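The lines below spell out each chain.
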Amino acid sequence: MTVIMDGKLTAEKITAEIKTEVSALTVKPKLAVIKVGDNPASQIYVRNKQKKALELGINSVVLELPSNVSEENLLEQIYILNEDTDINAVLVQLPLTEHINKQRIIEAIEPIKDVDGFTSFNFGRLALGYQPYTFPCTPKGIIRLMDEYNINLEGKKAVVIGRSNIVGKPLSLLLQRQNATVIMAHSKTINLKEHTLSADIIVSAVGHPNLITADMVSEGAVIIDVGINRIDNKLIGDVDFNTVKEKVSFITPVPGGIGPMTIAMLMENTLELYKFQKSLGL
Ligand code: NAD
């Protein structure tokens, strides 16, 4: 029987523990989120992050900057947050507007406050197999959810579709840490089906509805659907859920799968950074 992996429930369990831990702290952790412009999806994501932080007793502040903010001005805001000892975690909501150099902005975040794990310091440590200050939230949430369902990754063939810096690439590194054999597929991959059919685990992080259909998966595979596509005001993933679920052993739904896990990991990363900074007397 197919198991629908409940990311919402798992995230609630994790965040309940975070809430308990935070409630015992006299000084609360504090997350700063910078949002540039008024991208509708970003508005929702930032609001959800703020709401979750509030629910867990984590302080948060959102800096809303206009879409025409200069790169220098945005950098200045990051430097201020880096210096502010009340702030433990800094997040710049992506995507940024065209005129801003994303790499320069992300690199400006102090690695010890880099709650998304996107700076080259933290990402480099992840790639080298060292301990970063934080692991990127979505890949970390995917690994945690599979762990919750006792899915053993060692020696398994995992096909990760999508090679973005925020999901596919760091996830492939995390899967390798768990001794999976990883294949990275992307928009230039020829004959994706050939790869997915021989995979024990398929992760789709593309943003393309029905990219993964039942004929592309083998019986008993594990399917992780990261994609978020808004169709007729409804959220769906990259996987043709209803037909694929008939064949596989585990599958994540959209919504209620990886989305809530990502937010839970953001909260966990905020708390971890707070604790690490405190341990250093900062
Ligand atoms: P992105 O847009 O930066 O990259 C998409 C990737 O998909 C690229 O590497 C590209 O090569 C690959 N790709 C495009 N078309 C393809 C095809 N036909 N076959 C194979 N590969 C193809 O992606 P991203 O920022 O990683 O986001 C991917 C999806 O995941 C989006 O739908 C996004 O909304 C969603 N997402 C969800 C969460 C969550 O918490 N659930 C978090 C981050 C992203």
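Since this is a predicted model, take the numbers as computed values, not measurements.

Attention now moves to the nonpolar core. If you look at the biggest cluster of nonpolar residues, it comprises 50 residues, and the most contacted ones within it are Met146, Leu175, Ile224 and Met267. Apart from the residues within four sequence positions on either side, Leu175 is in contact with Ile143, Met146, Leu153, Ala158, Val160, Ala180 and Val182. Ranked by size, the runner-up nonpolar core spans 21 residues in total, among them Val69, Leu75, Val90 and Ile106.

This brings us to the packing of aromatic side chains. Tallied over the full model, the rule gives three aromatic pairs. Measuring from centroid to centroid gives 5.4 Å for Phe121 and Tyr133, while their planes differ by 15°, and the two rings are stacked. Linking Phe121 in helix α5 (residues 120–128) with Tyr133 in the loop between α5 and α6 (137–148), this pair joins segments that are twelve residues apart in sequence. With a relative accessible area of 31%, Tyr133 lands in the partly exposed category. Pairing Tyr133 with Phe276 gives two aromatic rings, centres 5.4 Å apart and planes at 40°, and the pair type is tilted. Of this pair, Tyr133 sits in the loop between α5 and α6 while Phe276 sits in helix α10 (residues 258–279), placing them 143 residues apart in sequence.

Relative to the assigned elements, Thr262 resides in helix α10. Sequence separation between Thr262 and Pro136 is 126 residues, and the spatial gap between their C-alpha atoms is 8.9 Å. Here Thr262 is in contact with Cys137 and Thr138, once residues within four sequence places are set aside.

One open sheet holds the three strands; their spatial order is β3-β2-β4, and the pairing between them is parallel. Looking at the sheet topology across the chains shown, the edges are occupied by β3 (59–65) and β4 (89–92). The sheet shows a mean angle of 15° between the axes of neighbouring strands, taken without regard to direction. By the bridge criterion, seven bridges tie strand β2 (residues 30–36) to β3 in an arrangement that is parallel. Each bridged residue has a counterpart across the sheet, and for Leu31 the counterpart in β3 is Ser60. Relative to the sheet, helix α3 (residues 71–83) contacts β2, β3 and β4, its axis offset from that of β2 by approximately 180°.

Calculation rules
- Residues numbered from 1 in each chain as written.
- Predicted model: local features only at pLDDT ≥ 70, side-chain atom pairs only at ≥ 80, totals over all residues.
- Heavy atoms only, no water.
- Core = buried A, V, L, I, M, F, W, Y, C linked by side-chain atoms within 4.5 Å.
- Buried < 20%, exposed > 50% of the residue type's maximum accessible area, 1.4 Å probe, protein only.
- Contact = heavy atoms within 4.5 Å.
- Phe/Tyr/Trp six-rings, centres within 6.5 Å; stacked < 30°, edge-to-face > 60°.
- Helix = DSSP H or I, 4+ residues; strand = E, 2+ residues; numbered from the N terminus.
- Pairing = 2+ DSSP bridges.
- Axes fitted to C-alpha atoms, helices over the stretch in contact; angles between N-to-C directions.

That's the geometry; what it means functionally is another story.
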